Each structure stands twice: as C-alpha cells, then as structure tokens.
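Chain and residue survey
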Amino acid sequence: MWNNPSCSKCAAARETFELNQVPVTLRPYLDAPPTAAELAGVLDRLGAQPWEICRLGEPAAADLGLAGWSRDEADRPRWIAAMVAYPQLIQRPILLLDDGTAIVGRTPEALAQALNAEAPAPATPLID
C-alpha cells in the first residue's frame, strides 16, 4: 500500500486491513517516491491515466499549472514526471493487490473490493 502516514484515507485503509487481519506492506511513497517506470506500471495496474490519480488541489499542482495541462497520451510522460518529482500529487492510498491489479482505496467500497480480491480462495474439497 502506498501510504502517507498523515492521510486519513490511508489510516482508514490501514485500520480496515488490520481489523480484517489482512497483512499489508506499507510503502512511504513520499519518502521513497516511485520511479517513472514504477508509476507507469502502477497506472497500468489501475487501468488509469496519470491525470486521473493526480491531486490537483495540492500546492505543487497549482505551482506547476497542472489544471491547464492537456490530458492526452502524448502528455502522459509529462504528467508522470511531475508526479515522480512531487509525489504528494499522487492520490492515496494506492493498494497493489497480489493478483496484479491495483485500487485507489479512498472509499469503503474500494476497500471492500480490495478485501474481496485479497481473500484466500475457499479450499476445494477432495473427492475420491
């Protein structure tokens, strides 16, 4: 889980997983920002474009003028570079699931979806 310790949504995700006894590895992404390749991979896992998970309300977004940037495939690397340079622009928490997908876990529904994806498959009874 890409985690910001001071974020209430991250705290809710951590609590949800703890209550459901789901082990989670926390990534302090503000202190250990992703590389451009890593962020691009996470975006692929999310099925999202960078502008869809960018926090445009952050001061860095205003300083960069992100609200006015175009949102097309040609500008994808520019958005990714900005988010790598200013990781506070990355929406949180991002949950990287064992099945290779990812979810932005900001809502109870998203957390429930993550819990369902991480639940172990029921044991298949052996039939002789």
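Note: the structure precedes this text.
Quick summary incoming for the structure in this document. Predicted, not measured: the structure shown is a model, and the values here were computed from it.

Description of the environment of Arg27
- Locating Arg27 in the fold gives a position in the loop between helix H1 (8-19) and helix H2 (36-46).
- Filtering out sequence-adjacent residues up to four positions away, Arg27 remains in contact with Met1, Trp2, Asn3, Ala32, Pro33, Pro34 and Glu38.
- A polar contact is formed between the side chain of Arg27 and the side chain of Glu38, at a distance of 2.6 Å.

So, helix H4 (residues 76-85)
- All buried positions along H4 are accounted for by Arg76, Trp79, Ile80, Ala82 and Met83. On an axial view of H4, the arc spanned by its buried residues comes to 160 degrees, and they lie on one face. Opposite its buried face, H4 presents the exposed residues Pro77 and Ala85, each directed more than 90 degrees away.
- Each element contacted by the buried residues of H4 is listed here: H2 and helix H3 (59-64).

Topic: the pattern of salt bridges
- For the coordinates displayed, the defined rule picks out three salt bridges.
- Across the pair Glu38 and Arg27 runs a salt bridge, and its minimum N-O distance is 2.6 Å. Of this pair, Glu38 sits in helix H2 while Arg27 is found in the loop between H1 and H2, placing the two residues 11 residues apart along the sequence.
- Measuring nitrogen to oxygen at the nearest pair gives 3.1 Å for the salt bridge that ties Arg55 to Glu58. An identical accessibility class is assigned to Arg55 and Glu58; each is buried.

Reading guide: rules and limits
Residues numbered from 1 in each chain as written. Predicted model: local features only at pLDDT ≥ 70, side-chain atom pairs only at ≥ 80, totals over all residues. Heavy atoms only, no water. Helix = DSSP H or I, 4+ residues; strand = E, 2+ residues; numbered from the N terminus. Contact = heavy atoms within 4.5 Å. Polar contact = N/O pair within 3.5 Å; in protein donor to acceptor, adjacent residues only side chain to side chain. Buried < 20%, exposed > 50% of the residue type's maximum accessible area, 1.4 Å probe, protein only. Arc of directions from axis to C-beta. Salt bridge = Lys/Arg side-chain N within 4 Å of Asp/Glu carboxyl O.

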